[in-house]
Amino acid sequence: MVFLFGPPGAGKGTQADLLVGRYNFKKFSMGDLLREEVAIGSSLGKKIEPYLKKGVLAPDEIVFEIVEDFVLENLNEKILFDGFPRNLNQAIELEKLLARYNKKIDLAIELYITKEEVIKRMLGRLYCSKCGAVYNEVTNPPRVSMVCDECGNNLEKREDDNTETIKKRLEVYEEMTRPLSEYYKSLGILVTIDASGQKEDVYKRIARVLDGYIK
Ligand SMILES: [Zn+2]
């Protein structure tokens, strides 16, 4: 089982999807699973809904109910934990839960990127208001500057991508997640990957590590 984590702007979601396609991981994404429970109207979903509506994190007891269901459903699969656990306490709880099924996180992949590059990237986000395509000046540029590859429309920047918001999100990440690196390092399973540059290059760096681990 693999855990992938990294700060906002590191391209974690993109990399997770690429890895799922190549290695047949079952992806554990807490956000997706929470929304799914709410959408199907399960009893768990009804408990979760108020938290989602308020935009706050669901309490750990609900969170771990979801984790356990997912692990049980995928006992014979390779699981990629995408951005979960979010903090040290959850990491320790996850380890205990997995141990009950004779499982553990075998590899924790941390995407590393400097604050400056995150800011540059996030300010470089571009989107097409006509067809919804998304680009990035740094990591995923359109073929022609500021023009949509798909439909030829002029690209725009998102208004909420300003430096202050980004700095705040990075601080929250640092505070909650730094201890995770230390934890997985102490277990001897931390691999830090340089997440700078284009997404294909970052993907190759991760794949090199995973190829060695999976065979
Ligand atoms: Zn477009």
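None of the values given here were measured: they were computed from a predicted structure.

Asks: A description of the overall build of the protein should follow, citing residues and the corresponding values.
Replies: Looking only at helices and strands, one finds eight helices and eight strands in the protein. Taking 17 Å as the expected radius of gyration for a compact globule of 215 residues, we find that the protein reaches 18 Å, a close match to that expectation. Principal axes of the C-alpha set define a box for the protein whose edges measure 55 × 40 × 30 Å. For the protein, with 215 residues in total, the buried portion stands at 40%. By element, 49% of the accessible surface of the protein is carried by carbon and sulfur atoms, the whole surface being about 11,800 Å². Across the protein, 33 positive and 35 negative side-chain charges occur, with their mean positions spaced 2 Å apart.

Asks: I'd like a description of the sheet that holds strand E6 (residues 134-136), backed by residues and values.
Replies: One key point about sheets: their strands pair by backbone hydrogen bonds, in either a parallel or an antiparallel sense. With antiparallel pairing, three strands are arranged side by side in an open sheet as E6-E5-E7. Both outer strands of the open sheet, E6 and strand E7 (156-157), are each paired with one neighbouring strand and no more. By the bridge criterion, three bridges tie strand E5 (residues 125-127) to E6 in an arrangement that is antiparallel. In the strand pairing of E6, Arg125 is matched with Asn136.

Asks: Any details on the packing of aromatic side chains? Residues and values, ideally.
Replies: Counted according to the given criterion, the structure contains eight aromatic pairs. On the basis of an interplanar angle of 65° and a centroid distance of 5.7 Å, the ring pair of Phe64 and Phe84 is categorised as edge-to-face. Pair noted here: Phe64 is in helix H4 (residues 60-73) and Phe84 is in the loop between strand E3 (79-82) and helix H5 (88-100), with a separation of 20 residues, a long-range link. Among the residues examined, Phe64 registers a relative accessible area of 11% and is labelled buried. Looking at Phe84, the relative accessible area reads 2%, which means it is buried. Ring plane angle 70° and centroid distance 5.0 Å describe the contact between Tyr183 and Tyr184, whose orientation is recorded as edge-to-face. For the pair Tyr183 and Tyr184, one class covers both residues: buried.

Asks: Let's hear about the coordination of the zinc ion: which residues, and what values?
Replies: All of the protein donors around the zinc ion are Cys128 (SG), Cys131 (SG), Cys148 (SG) and Cys151 (SG); their distances to the metal are 2.3 to 2.4 Å. In this structure, the zinc ion is coordinated by four donor atoms arranged in tetrahedral fashion, with angles at the metal of 103 to 117°. Sequence positions of the residues that donate to the zinc ion give the spacing C-x2-C-x16-C-x2-C. Linking Cys128 in the loop between E5 and E6 with Cys148 in the loop between E6 and E7, this pair joins segments that are 20 residues apart in sequence. When sorted by exposure, Cys128 lands in the same class as Cys148, which is buried.

What counts, and at which threshold
- Chains are numbered independently. Their residues run from 1 in the order of the written sequence.
- Totals for whole chains, interfaces and linings use every residue, but because this is a predicted model, local features are given only for residues with pLDDT of at least 70 and side-chain atom pairs only at 80 or more, for both listing and counting.
- No hydrogens and no water enter the side-chain calculation; it runs on all heavy atoms of the structure.
- Comment: elements are numbered from the N terminus, with helices defined as DSSP H or I runs of at least four residues and strands as E runs of at least two.
- Computation of the radius of gyration draws on C-alpha atoms alone. For the globule rule, the value is 2.2 Å times the number of residues to the power 0.38.
- Only protein chains enter the accessibility calculation, which uses a 1.4 Å probe; a residue is then buried when its area is under 20% of its type maximum, exposed when over 50%, and partly exposed in between.
- Method for areas: the Shrake-Rupley scheme with a 1.4 Å probe, in which residue coverage is limited to the protein chains shown.
- When charges are counted, Lys and Arg are positive and Asp and Glu negative, with His and the chain ends excluded.
- Charge positions are represented by NZ for Lys, CZ for Arg, CG for Asp and CD for Glu.
- We treat two strands as partners when DSSP finds at least two bridges between them.
- Any two rings among Phe, Tyr and Trp, with Trp reduced to its six-membered ring, count as a pair given centres within 6.5 Å; such a pair is stacked if its planes are under 30 degrees apart, edge-to-face if over 60, and tilted if neither.
- Donor selection uses N, O and S atoms within 2.8 Å of the metal (3.2 Å for Na, K and Ca). Since no water is included, sites may look incomplete.
- By the criteria applied here, four donors are tetrahedral when all angles lie between 85 and 135 degrees, four are square planar and six octahedral when opposite donors are over 155 degrees apart and every other angle lies between 65 and 115, and any other arrangement is irregular.

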